[in-house]
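Reading the structure
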Amino acid sequence: MFYRAKLAILSGLIAMTCAVDLRAEPGSSTDRGVASASIIKPISVSAQKRLEFGGVAVSANQGGNVTIDPSSGNAAYNGSAKKMCLTAAPCAPGPAVYAVQGEKDRGYRVILPTTVMASAQRGPAPDLVVSQITSASENRPNNDSAGLLNANGRDTLRIGGQLEIPAGTPPGSYAAEITLVVSYE
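Throughout what follows, the structure given in this document is the object of discussion. What you see is a predicted model; the values in this text were computed from it and never measured. (Residues numbered from 1 in each chain as written. Predicted model: local features only at pLDDT ≥ 70, side-chain atom pairs only at ≥ 80, totals over all residues. Heavy atoms only, no water.)

With respect to the helices and strands, Asp155 occurs in strand S11 (residues 154-165). Although Asp155 is buried, it forms no salt bridge, and the closest oppositely charged side chain is Arg158 at an N-O distance of 7.0 Å. For Asp155, the side chain forms a polar contact with the side chain of Tyr108, separated by 2.6 Å. (Helix = DSSP H or I, 4+ residues; strand = E, 2+ residues; numbered from the N terminus. Buried < 20%, exposed > 50% of the residue type's maximum accessible area, 1.4 Å probe, protein only. Lys, Arg positive; Asp, Glu negative; His and termini not counted. Salt bridge = Lys/Arg side-chain N within 4 Å of Asp/Glu carboxyl O. Polar contact = N/O pair within 3.5 Å; in protein donor to acceptor, adjacent residues only side chain to side chain.)

Below you can see the structure in the form of structure tokens.
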């Protein structure tokens, strides 16, 4: 019996030490928070057509430039730059076109480089500067750094820019890579 009473007392002490009051002490407070998440459709962009400055000629003594407006698709020629393509053939100028898809009725931001370099595809030639790179959203016109996805989660984004052609630039095909980033606002 002695062992039994000792065991009961020991069990009672263990139970008393384990039954700790977890209430807040005076002068402190507790509350519960909630964790939540909204899962949305990822935004994506895919190229449909590349930016084309078209067939252009400049004189040996004076350079020029070609500017493609992303909203209208119109090309403006300055300096000695002259359009050399009279039809809608592969050498016709026009903006790049991208399909943007994602969460319906959501706005998004467009990040574009300010300048890229176009390199000759064959033979030695100096790089050409492509600058004033801007975008135009079909669903959010008049804003060159943002777009809007419609009720179906779609938008068409156009990219334009200006190609500088120095005097005496050798004939040939030139290409530049323009990286764009789209992300939700």
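The phi dihedral of Asp105 is positive, around 60°, even though this residue is not glycine. Turning to its location among the elements, Asp105 is positioned in the loop between strand S6 (96-101) and strand S7 (107-111). One non-glycine residue, Asn142, adopts positive backbone phi at about 70°. Structurally, Asn142 can be placed in the loop between strand S9 (128-137) and strand S10 (146-148).

Of the voids in this model, the largest pocket is the one considered here, and its volume is about 810 Å³. Along the walls of the largest pocket sit 31 residues, with Glu52, Phe53, Leu163, Tyr174 and Ala175 positioned nearest its centre. Secondary structure elements with two or more residues in the lining of the largest pocket: strand S1 (44-49), strand S2 (56-57), S6, S9, S11 and strand S12 (174-175). The element contributing the most residues to the lining of the largest pocket is S11, with three residues. Looking at the lining of the largest pocket, its residues break down into 22 nonpolar, six polar and three charged. (1 Å grid on protein atoms, 1.4 Å probe; cavity = no way out; pocket = protein on both sides within 12 Å on 5 of 7 lines; lining within 4 Å. Points joined across faces, edges and corners; volume = space filled by probe spheres on them. Nonpolar A, V, L, I, M, F, W, Y, C, P; charged D, E, K, R; others polar.)

Bear in mind that shape data such as this cannot, by itself, settle questions of function.
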